[in-house]
Amino acid sequence: MNILVVNAGSSSIKYQLIDMTTKLPLSSGIVERIGLEKGVIIHKTFLNGEEIKIKETFPIPNHAVGLERVAELLTDKEIGVITDPSEIKAVGHRLVHGGEAFTKTVVITNEVKAKVKELFPLAPLHNPANLTGVEVAEQVFPNATQIGVFDTAFHQTMPEVAYRYAIPKTLYNEMGIRKYGFHGTSHKYVSEKAIEYLGKQDAKVITIHLGNGASMAAVDGGVCIDTTMGLGPLCGLIMGTRSGDIDPSIIFYLVEQKGYSIEKVSNILNKESGMEGLTGDTDMRDVEDRFHKGDAEAVLAYKMYAYRIKQYIGNYAAAMNGLDAIVFTAGIGENDTVARKLVCDNMDYLGIELDEEKNNIRSKNIREINRANARTKVLVIPTNEELEIARQAFELIK
Ligand code: ADP
């Protein structure tokens with residue numbers, strides 16, 4: 001059975017067609033620059049161990065035009081991987097904000113769509129685009145069941161003591177202001193893999209997702225009990241361009257002293273902070289190059305980046321009263337040996353002892369990079385959010 005995974009943004013659609021027998025993608029790609037003068041589709045097919053990549057540039061005025069072209073490419077006589085769109089049994093949509101309404105993956109009905117719309121204020125950039133993706137997929141793949149997988153769902157098990165903010169209770173009761181957390185699909189996927197690897201159902205695991213956006217989760221016996229992102233994705237760890245945790249006074253100080261608008265401050269904290277703000281480079285590979293050359297800004301930024309993660313490891317070990325494993329995942333977590341080393345340095349009190357040789361090995365497999373006798377496992381587990389979305393969709397329709 002084939003499941004199409006769709007991640008629709010305001011001007012892009014990322015997609016992957018996954019064969020659920022092999023759990024491998026038959027095809028993947030991205031439609032970009034939707035609504036601009038020239039749109040782009042980069043489409044890849046994987047057949048018989050061979051990758052074919054094509055790039056098309058043409059005006060893509062809206063998401064519907066983009067997804068219709070994707071359907072044509074998937075069924076193309078020469079490079080197509082299926083013969084008819086009806087071979088796609090389900091479309092799994094990444095939906096960013098499910099608020100308190102969605103604790104698990106759902107079949108998308110009119111009621112679900114109405115609820116996602118109600119949640120627009122909580123995710124004004126993501127939810128409207130996600131919903132457009134759903135509506136367009138309903139037109140292009142009318143025979144498929146549309147399924148919604150929420151970024152926030154895995155974190156809905158957090159206890160109130162973790163998700164409430166100490167602000168007037170009416171703000172929670174009337175507006176739903178609380179911690180929700182994101183990257184749930186990734187935290188769920190890698191924590192389940194970790195539990196399987198450890199062979200211990202009640203394992204206490206800290207998952208550390210380090211991509212352009214970054215977050216951590218405390219997962220106790222498979223259940224998320226805390227996470228670093230909150231109402232939105234700005235808090236917690238230092239990221240590519242986001243500040244992570246700061247003293248909220250900074251916002252008022254900027255507004256009062258500089259006369260900045262809320263929009264300007266939001267832009268500073270979301271787009272001009274993090275590694276970008278500290279070093280002028282957003283991509284961790286560039287910061288890493290400078291780190292190796294001894295560049296003072298890059299060294300400080302890396303140390304700050306790692307220090308924040310260390311602090312949350314301590315925080316979550318305390319919250320769970322124990323720790324069996326920490327798991328590194330996503331672009332930086334899976335590849336960046338320096339970040340992993342700086343995080344694990346001087347953490348033997350918590351049983352974390354890195355084996356530097358193992359840390360330096362490059363691989364796409366699940367691996368253990370702690371010293372043989374270390375009390376706490378240090379694991380690198382490649383995430384696969386698309387497969388997890390497809391897997392959850394498959395469970396609902398099989
Ligand atoms: P997202 O899905 O959030 O866009 P990714 O999980 O793809 O992000 O991670 C992107 C980050 O991973 C970038 O900062 C990139 O520099 C970093 N990254 C990817 N490969 C490497 C590598 N080999 N070494 C260090 N960092 C890497």
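Look above for the structure.
What comes next is a walk through the structure. This one's a predicted model, so the numbers in the text were calculated from it and none came from an experiment.

Our focus in this paragraph is the packing of aromatic side chains. One pass over the full model with this rule turns up 4 aromatic pairs. Taking the centre distance of 4.2 Å and the plane angle of 10° together, the rings of F102 and F150 count as stacked. With a gap of 48 residues between them, F102 in the loop between β6 (88-95) and β7 (106-107) and F150 in strand β8 (residues 145-150) connect regions that are remote in the sequence. Ring centres of Y312 and Y316 lie 5.7 Å apart, and the angle between their planes is 50°; this geometry places the pair in the tilted category. Placement of both Y312 and Y316 in helix α11 (residues 296-320) is noted, with a separation of 4 residues, approximately one turn of the helix. Both residues of the pair, Y312 and Y316, belong to the buried class. Note that R178 overlies the ring of Y180, its terminal NZ or CZ placed 4.8 Å from the centroid. Above the face of the Y260 ring, K264 is positioned so that its terminal group lies 5.0 Å from the ring centre.

Bringing the nonpolar core into the picture now. Ranked by internal contacts, the top residues of the largest apolar core, which has 43 residues, are I313 and I326. Within the second largest apolar cluster, 27 residues are counted, among which are L17, L26, A64 and I82.

Spatial strand order, β11-β10-β9-β12-β14-β13: 6 strands in an open sheet with mixed pairing. Strand pairing shows two members of the sheet lacking a second neighbour, β11 (223-227) and β13 (367-368), which therefore form its edges. Note: β13 against strand β14 (residues 377-380), 2 bridges, orientation antiparallel. Bridged to R367 within β14 is V380. This element, helix α6 (residues 184-198), spans β9 (204-210), β10 (214-220), β12 (325-329), β13 and β14 of the sheet and lies at about 135° to β9. α11 contacts β9, β10, β11 and β12 of the sheet and is inclined by roughly 155° relative to β9.

Let us look at the layout of surface pockets. Quantified by volume, the second largest pocket comes out at close to 200 Å³. Residue lining of the second largest pocket: 13 residues in total, with T103, K104, A153, K188 and Q392 positioned closest to the centre. Among the elements that take part in the lining of the second largest pocket, α6 stands out by supplying 3 residues, more than any other. Of the residues assigned to the lining of the second largest pocket, the class counts are 4 nonpolar, 7 polar and 2 charged.

Definitions and cut-offs
- Residues numbered from 1 in each chain as written.
- Predicted model: local features only at pLDDT ≥ 70, side-chain atom pairs only at ≥ 80, totals over all residues.
- Heavy atoms only, no water.
- Phe/Tyr/Trp six-rings, centres within 6.5 Å; stacked < 30°, edge-to-face > 60°.
- Helix = DSSP H or I, 4+ residues; strand = E, 2+ residues; numbered from the N terminus.
- Buried < 20%, exposed > 50% of the residue type's maximum accessible area, 1.4 Å probe, protein only.
- Lys NZ or Arg CZ within 6 Å of the ring centre and 35° of its normal.
- Core = buried A, V, L, I, M, F, W, Y, C linked by side-chain atoms within 4.5 Å.
- Pairing = 2+ DSSP bridges.
- Contact = heavy atoms within 4.5 Å.
- Axes fitted to C-alpha atoms, helices over the stretch in contact; angles between N-to-C directions.
- 1 Å grid on protein atoms, 1.4 Å probe; cavity = no way out; pocket = protein on both sides within 12 Å on 5 of 7 lines; lining within 4 Å.
- Points joined across faces, edges and corners; volume = space filled by probe spheres on them.
- Nonpolar A, V, L, I, M, F, W, Y, C, P; charged D, E, K, R; others polar.

Nothing here speaks to function; it is all geometry.
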